[in-house]
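In case you want the letters, here they are:
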Amino acid sequence: MTATGENPRPRMSGRARLYATLGGVVVAAIVAGGILERRIHVSHLKDMAQDAAIPRVQVILPQKGPKTRTLDLPGNISAWYQAPIFAQVSGYVQMWYKDIGAKVKAGEILATIDTPGLDAQYAASKANFDVAMARYRLAQITAKRWRALQGTQAVSQQEVDVQAANAEARQAEVEAARHEVSRFAALIAFKQIVAPFDGVVTSRLADVGDYVNAGGGDVSSRGTATELFSVADVHRMRVFVSVPQDYADIISPKLEGDVSVPQYPGRVFKARFLATAKAFNAGTRTVTTELVVDNDKRELWPDSYANVHFVAPGDPDILIIPEGALVFRAQGMQVAVVDADDRIRLRNVTVGTNLGTKVQVLAGIGPKDRIVNNPSAGLLEGQKVYLVGATPGYNDAGATASPAVDKGDDVRAMPAGDSNAGDTGVRQ
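Residues numbered from 1 in each chain as written. Predicted model: local features only at pLDDT ≥ 70, side-chain atom pairs only at ≥ 80, totals over all residues. Heavy atoms only, no water.

Engineer: What should I look at first to understand the overall build of the protein in this one?
Structural biologist: Scanning the protein from N- to C-terminus turns up three helices and 25 strands. Looking at the protein as a whole, 35% of its 428 residues are labelled buried. Residue pairs at least 24 apart in sequence account for 75% of intrachain contacts in the protein once pairs closer than 6 positions are excluded. (Helix = DSSP H or I, 4+ residues; strand = E, 2+ residues; numbered from the N terminus. Buried < 20%, exposed > 50% of the residue type's maximum accessible area, 1.4 Å probe, protein only. Contact = heavy atoms within 4.5 Å.)

Written out as structure tokens, the structure is:
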């Protein structure tokens, strides 16, 4: 202790001072390094944010249109002739002779109808005809006798004229009775239901004992009338197809189609143009077109569903692009083109025929323009973009996809379509 009674202050040795100094330097270095690293991270994040603000786009080149266009449309197969057969006389079905699927010839009997009331009327008409004929003969004899007495004092001229007129009236009654007999004879012929043409019985709704109504067919238990038979001529078939307005230009007498039906997978039936309505349906904007198919083997059946495949000439001089490359804005139909400085240029285009997944462009782009595929709605005129490759399975358009790249890499524009660019079929 010192003279004042206080403990002396310990003195730090040189080694301790050295360690303390080194420790302070280390702490200062750690703090400075952390601050520097944080600033570097902030700068890097800022660069990344600015880079992420620049859109990445995939570009494609327009293609020439296909030399041929294909079109697949649903169709309905109908018989060449098809007729529902109704009864022309009232009565009961006495017997039917042809069932569904039976082949019949024109005039062949399908069924007979028992009509006792009509038979009685027919017999009465013949009896009335006999009576009228007898009266006419009597009137002729009387008129002949009166004419023989003409010019004598026995009869007057007026009486002679009356008897002649009476003979003429009786002759008119005979003609009326003859027509009545002919009318009932025609109705009697309708007791036999016959096939109107060569064909196949496609339906039979009559059975023995059914009551049939004149002109109304078979009267069911609910009082509704249906046809007795239906006969179809299937040696040749009609195919009805509704062609969209965009493809109406392919319709001509030279038009042909390949018809396929579900019951014959892999089979193709050749169809030829027959007629077209030459008017569009206001609801569907399609035109009904009729084709004809030979059916000598009776393989096609009426009212079948069919798929009709058309092949029509295309125009290779017109450029095509995918539908997804179009931009619909207030300025009209546009595409986004990437210029030499990788900036967006929005161009108005005139589109032509819709080929399904692709569309014709009549004006607004050139064959070497780099067009943005599937552009976003936020792309602006003059905006800087980065070019990237395609995403497999999403926007590669069926072509071999390239991995995504950043700015500075060499990215070439992909063709506007896949290796099957000529296949522009439309399936509806």
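Engineer: Got a minute to help me understand the pairing of strand S22 (residues 358-363) in this structure?
Structural biologist: Regular strands place their side chains on alternate faces of the sheet. With four bridges joining them, strand S17 (residues 319-322) and S22 adopt antiparallel strand pairing. Residue pairing for S22: isoleucine 320 is matched across the bridge by glutamine 360. Across three bridges, strand S21 (residues 350-354) lies against S22 in antiparallel orientation. Pairing of threonine 350 across the sheet is with alanine 363, part of S22. If you look at the hairpin formed by S21 and S22, you'll find three residues sitting between the two strands, and glycine 356 has a positive phi there, around 105 degrees. (Pairing = 2+ DSSP bridges.)

Engineer: Before we go on, may I ask you to explain the pattern of salt bridges in this structure?
Structural biologist: As enumerated under the stated definition, the model contains 16 salt bridges in all. The shortest N-O distance in the salt bridge between aspartate 119 and lysine 191 comes to 3.2 Å. On the criterion of sequence distance, the pair formed by aspartate 119 in helix H2 (residues 116-148) and lysine 191 in the loop between helix H3 (157-189) and strand S7 (192-194) is long-range, its members being 72 residues apart. A salt bridge links aspartate 369 to arginine 347, with the shortest nitrogen-to-oxygen separation between them at 2.6 Å. Of this pair, aspartate 369 sits in the loop between S22 and strand S23 (370-373) while arginine 347 sits in strand S20 (residues 344-348); the two residues are 22 residues apart in sequence, bridging distant segments of the chain. On the accessibility criterion, arginine 347 (31% relative accessible area) is partly exposed. (Salt bridge = Lys/Arg side-chain N within 4 Å of Asp/Glu carboxyl O.)

Engineer: Got a minute to help me understand the sheet that holds S17 in this structure?
Structural biologist: One key point about sheets: their strands pair by backbone hydrogen bonds, in either a parallel or an antiparallel sense. Read from one edge to the other, the open sheet built from four strands follows the order S2-S17-S22-S21, with strand pairing classed as antiparallel. Only two strands of the sheet have a single neighbouring strand rather than two, namely strand S2 (63-64) and S21.

These figures come from the coordinates and say nothing about function on their own.
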